[in-house]
Amino acid sequence: MNRTPASIVEAAFRCYRSQDREAAVPLYAEDFTFTSPQDDRIDKEAFFRQCFPTADRFTEQRLLRVTPADGELVFAYYEYELTTGDRYRNVEAITVRDGLIREVQVFFGGRQPAPSPPTAP
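Thresholds, definitions, all that
Residues numbered from 1 in each chain as written. Predicted model: local features only at pLDDT ≥ 70, side-chain atom pairs only at ≥ 80, totals over all residues. Heavy atoms only, no water. Helix = DSSP H or I, 4+ residues; strand = E, 2+ residues; numbered from the N terminus. Rg over C-alpha atoms; globule rule 2.2 N^0.38 Å. Buried < 20%, exposed > 50% of the residue type's maximum accessible area, 1.4 Å probe, protein only. Contact = heavy atoms within 4.5 Å. Areas by Shrake-Rupley, 256 points an atom, 1.4 Å probe, with all protein chains shown as cover. Lys, Arg positive; Asp, Glu negative; His and termini not counted. Charge placed at Lys NZ, Arg CZ, Asp CG, Glu CD. 1 Å grid on protein atoms, 1.4 Å probe; cavity = no way out; pocket = protein on both sides within 12 Å on 5 of 7 lines; lining within 4 Å. Points joined across faces, edges and corners; volume = space filled by probe spheres on them. Nonpolar A, V, L, I, M, F, W, Y, C, P; charged D, E, K, R; others polar. Phe/Tyr/Trp six-rings, centres within 6.5 Å; stacked < 30°, edge-to-face > 60°. Salt bridge = Lys/Arg side-chain N within 4 Å of Asp/Glu carboxyl O.

A word on the overall build of the chain. Across its full length, the chain holds 3 helices and 6 strands. For 121 residues, the compact-globule formula gives about 14 Å, and the C-alpha radius of gyration of the chain, at 15 Å, lands near that figure. Across the 121 residues of the chain, 37% fall into the buried class. The contacts in the chain between residues at least 6 apart in sequence include a share of 45% that link residues at least 24 apart. A total of about 7,400 Å² of accessible surface is found on the chain, and carbon and sulfur atoms cover 50% of it. Each charge class in the chain can be summarised by its mean position, and for the 15 positive and 19 negative side chains these summaries are 4 Å apart.

Its boundaries defined by the atoms lining it, the largest pocket holds a volume of some 590 Å³. Breaking the lining of the largest pocket down by element, the ones donating at least two residues are helix 1 (5-18), strand 1 (28-36), helix 3 (44-51), strand 3 (58-68), strand 4 (73-82), strand 5 (87-97) and strand 6 (100-112). The residue makeup of the lining of the largest pocket, split by class, is 17 nonpolar, 6 polar and 3 charged.

Before going further, it helps to spend a moment on the packing of aromatic side chains. Following the criterion strictly, the structure yields 13 aromatic pairs and no others. Put simply, the rings of Phe13, Tyr16, Tyr28, Phe32, Phe34, Phe47, Phe48, Phe52, Phe58, Tyr78, Tyr80 and Tyr88 touch in pairs and so form one group of aromatic residues.

So, about the pattern of salt bridges. Under the counting rule described, the total for this entry stands at 13 salt bridges. Close ionic contact of arginine 49 with glutamate 45 constitutes a salt bridge, the shortest N to O distance being 3.5 Å. One end of the pair, arginine 49, and the other, glutamate 45, are both in helix 3, 4 residues apart, so they sit about a helical turn from each other. With a relative accessible area of 58%, glutamate 45 lands in the exposed category. A salt bridge links arginine 102 to aspartate 98; its shortest N-O distance comes to 3.9 Å.

And the structure:
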C-alpha cells in the first residue's frame, strides 16, 4: 500500500492518542529527531521515552488541518485540551521521507479561549 506523507502523519497522531507504541515505532526512521521549545533535536529513543507517553495529560486532541507543503513536508495544526481544562493550538512541521517520519519540529501556540456553550434557540 502506497501511503502518503499526510496519511503517515495522521497515523502517528492516532498512535499517540491511543498510546499504541507498537504501531507507532515503525512509522519513525531510526535517525528521527524531535525538536520543540522544550526539546532540542532529541533522538527516537528519547522521543519515545520522554514525549510519547504524555497523552494522559490531554482530555482531547483534534487535528484541525494536515497540509502537505511538498513531497516530504507536512504541516499538522491541532488543538488539545489539558486535564486542567486549558486549551492550546500547536503546529508541527513533519518531514516524511521514504514512508518514514524523519523529523518533527513543534511550534507552540497560545492558550485558546474555552469554547462557548451552545445558545438556546
